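Now for the letters of each chain:
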Amino acid sequence: MNILKGWGNLKLGVRLIAGFLIVIILAGVVGIVGINATSSVQKSAAIVNDSDALHETLLEARRAEKNWIMRGDEKYLTEVKTFVEEGQALADSIAGEFENEEVAKECDVIDENLDEYYATFLDYVAKAEENNVSLTEWTKIGADFNDVVAQIREETPKGGDVYLQADKLEVTFGLMRVAAIYFIKDRSEARWEAFSQAMLNTKAENKILAEMVAGNTELTAATTAIDNNINQYIEQSGYYHENVLAQNADEARWNNITSTMEGSAEKGNEFYGG
């Protein structure tokens, strides 16, 4: 009551000035609160945008990865590297925006995961390049084999036992090469077993041919050359198979890494929530 009485005793001008001051103070308070709220909203929006961009960048890296596997174009290698670097930059940005130790740790994990993903992908690429060398060797071995078989045919009577065995050997070698193609396409252990057996079958047929021409120096040299070709083919196939196993391990590893980062919307999934 005393306050109200005192206020009522003030001159009109004083009351007007006091009223204006109160309005200014209230406006200032509201302004500060509004600015802080706006800043908070903008910060939250930036974090959401960066998080969405990080997820999209990871998807783009996976697309480039698949494109390289399907097409082998060097530009996709560059794209994978670019998207990995962009993802790491976004993770660093999110860590800075949150200013939270736990979030910073999670972002460090994302950085490390992206490093490991890229390293395993590069190992996969290196193994693929090594296997391209094996494919080139297979082609060369096949050409040498065909030349030697043609030589045996020229030097033996057509329709004779040695001639027919050379024909059988050529057919067996052809089946071995077909088994190789199936393995390249399927890359399963079942196909590898079939391919391995086909190589052993080819060696067995050449052994029969070698026994048939024993005593003939020139033809024995030919069957020895064929045996060397088959052994080289088997050796290169072993390298190829080892690289396929390493690639399968790389792919399993990077799938696990990216699934952990991407997460899943299904509650029953082990990667639920990321």
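Residues numbered from 1 in each chain as written. Predicted model: local features only at pLDDT ≥ 70, side-chain atom pairs only at ≥ 80, totals over all residues. Heavy atoms only, no water.

Engineer: Help me out: how do you make sense of the overall build of the protein chain in this one?
Structural biologist: The helix and strand tally for the protein chain stands at 7 helices and 0 strands. Evaluated residue by residue, the protein chain yields a buried proportion of 32% over its 274 residues. Within the protein chain, contacts between residues separated by at least 24 positions form 71% of all contacts whose residues are at least 6 apart in sequence. Roughly 16400 Å² of accessible area belongs to the protein chain as shown, and the carbon and sulfur atoms make up 58% of that amount. (Helix = DSSP H or I, 4+ residues; strand = E, 2+ residues; numbered from the N terminus. Buried < 20%, exposed > 50% of the residue type's maximum accessible area, 1.4 Å probe, protein only. Contact = heavy atoms within 4.5 Å. Areas by Shrake-Rupley, 256 points an atom, 1.4 Å probe, with all protein chains shown as cover.)

Engineer: Would you explain the packing of helix 3 (residues 74-98) against helix 4 (residues 101-154) in this entry?
Structural biologist: When two helices pack together, you describe them by how their axes are tilted relative to each other and by the distance separating the axes. Taken N-terminus to C-terminus, the directions of helix 3 and helix 4 make an angle of 170 degrees; their axes are 8 Å apart at the nearest point. In terms of their interaxial angle, helix 3 and helix 4 are classed as roughly antiparallel. Contacts from Leu77, Val80, Lys81, Val84, Gly87, Gln88, Ala91, Asp92, Ile94, Ala95 and Phe98 of helix 3 reach helix 4 at Val103, Ala104, Cys107, Ile110, Asp111, Leu114, Asp115, Tyr117, Tyr118, Phe121 and Val125. Here the residues of the contact of helix 3 with helix 4 are counted per class, giving 16 nonpolar, 2 polar and 4 charged. (Axes fitted to C-alpha atoms, helices over the stretch in contact; angles between N-to-C directions. Parallel < 35°, antiparallel > 145°, perpendicular 65-115°, else oblique. Nonpolar A, V, L, I, M, F, W, Y, C, P; charged D, E, K, R; others polar.)

Engineer: Would you take a moment to explain the pattern of salt bridges for this structure?
Structural biologist: If charged atoms from side chains of opposite charge come close, those side chains can pair. The tally for this structure, following the rule as stated, stands at 15 salt bridges. A salt bridge links Lys140 to Asp144; the nearest nitrogen and oxygen atoms lie 3.4 Å apart. Here the residue Lys140 and the residue Asp144 both occupy positions in helix 4, the gap between them amounting to 4 residues, near one helical turn. A relative accessible area of 28% places Asp144 in the partly exposed class. The shortest N-O distance in the salt bridge between Glu170 and Arg153 comes to 2.2 Å. Taken together, the residues Glu170 in helix 5 (residues 161-186) and Arg153 in helix 4 connect sequence positions 17 residues apart. Residues joined in a network through salt bridges with shared partners are Arg62, Glu65, Lys66 and Glu251. (Salt bridge = Lys/Arg side-chain N within 4 Å of Asp/Glu carboxyl O.)

Engineer: What is the right way to look at the packing of helix 4 against helix 5 in this model?
Structural biologist: It is at 10 Å that the axes of helix 4 and helix 5 come closest, and there the two elements cross at 170 degrees. By the angle between their directions, the pair helix 4 and helix 5 is classed as roughly antiparallel. The chirality of how helix 4 crosses helix 5 is left-handed. Across the interface between the two elements, Leu135, Trp138, Thr139, Gly142, Phe145, Asn146, Val149, Ile152 and Arg153 of helix 4 pack against Val162, Tyr163, Ala166, Asp167, Leu169, Glu170, Phe173, Arg177, Ala180 and Ile184 of helix 5. (Left-handed = near helix turned anticlockwise from the far one by under 90°.)

Engineer: Before we go on, may I ask you to explain the environment of Ala104 in this structure?
Structural biologist: Looking at where Ala104 falls in the secondary structure, it is placed in helix 4. Classification of Ala104 as partly exposed rests on a relative accessible area of 26%. Separated by 13 residues in the primary sequence, Ala104 and Ala91 place their C-alpha atoms 8.7 Å from one another.

Engineer: Please explain the confidence of the model for the protein chain as it appears in this structure.
Structural biologist: The predicted structure's coordinates, where accompanied by low pLDDT, should not be read in detail. Averaged over the protein chain, the pLDDT score is 83; the fraction of residues at 70 or greater is 77%. Mean pLDDT across the elements of the protein chain bottoms out in helix 1 (residues 2-9) (56) and peaks in helix 6 (residues 189-212) (97). Long-range and interchain partners of residues 33-43, a stretch whose pLDDT sits below 50, account for 2 contacts in this model, where long-range means more than four residues apart. Under a pLDDT of 50 for its full length, residues 263-274 has, in the predicted model, 15 contacts with residues more than four places off or in other chains. (pLDDT = per-residue confidence, 0-100.)

Engineer: Got a minute to help me understand the environment of Glu79 in this structure?
Structural biologist: In this fold, Glu79 is placed in helix 3. A sequence separation of 11 residues divides Glu79 from Trp68, and the C-alpha atoms of the two residues are 9.6 Å apart.

Engineer: So what exactly am I meant to see when it comes to the nonpolar core here?
Structural biologist: Generally speaking, nonpolar side chains in soluble globular proteins are found buried as a group. Counting residues in hydrophobic clusters, the biggest one holds 27 residues, and the most contacted among them are Ile152, Met176, Phe195, Ile226 and Tyr233. At the level of elements, helix 4, helix 5, helix 6 and helix 7 (217-262) are the ones that each hand at least two residues to this core. Beyond its immediate chain neighbours, meaning those up to four positions away, Phe195 contacts Trp138, Met176, Ala179, Ala180, Phe183, Tyr233 and Ser237. (Core = buried A, V, L, I, M, F, W, Y, C linked by side-chain atoms within 4.5 Å.)

Engineer: Just to check I follow, could you spell out unusual backbone geometry for this structure?
Structural biologist: Excluding glycine, residues mostly have negative phi values, and the peptide bonds linking residues are mostly trans. Of note in the backbone geometry, Arg187 takes a positive phi value of approximately 60 degrees without being a glycine. The residue Arg187 is located in the loop between helix 5 and helix 6 in this model.

Engineer: How do you make sense of the packing of aromatic side chains when you look at a structure like this?
Structural biologist: The relation between two aromatic rings is expressed through the spacing of the ring centres and the mutual angle of the planes. Under the criterion given, the structure shown has 14 aromatic pairs. Plain terms: the ring middles of Trp68 and Phe121 are 6.1 Å apart, the flat faces sit at 85 degrees to each other, and that makes the pair edge-to-face. Within this pair, whereas Trp68 is found in helix 2 (residues 12-71), its partner Phe121 is found in helix 4, the two being separated by 53 residues in sequence. Residue classification places Phe121 among the buried positions, given a relative accessible area of 0%. A network of ring pairs unites the aromatic residues Trp138, Phe145, Phe173, Phe183, Trp192, Phe195, Tyr233 and Tyr240 as a single cluster. Just above the ring of Tyr163 sits the side chain of Arg153; from NZ or CZ to the centre is 6.0 Å. Across the ring face of Tyr182, the terminal group of Arg191 is positioned such that the distance to the ring centre comes to 4.6 Å. (Phe/Tyr/Trp six-rings, centres within 6.5 Å; stacked < 30°, edge-to-face > 60°. Lys NZ or Arg CZ within 6 Å of the ring centre and 35° of its normal.)

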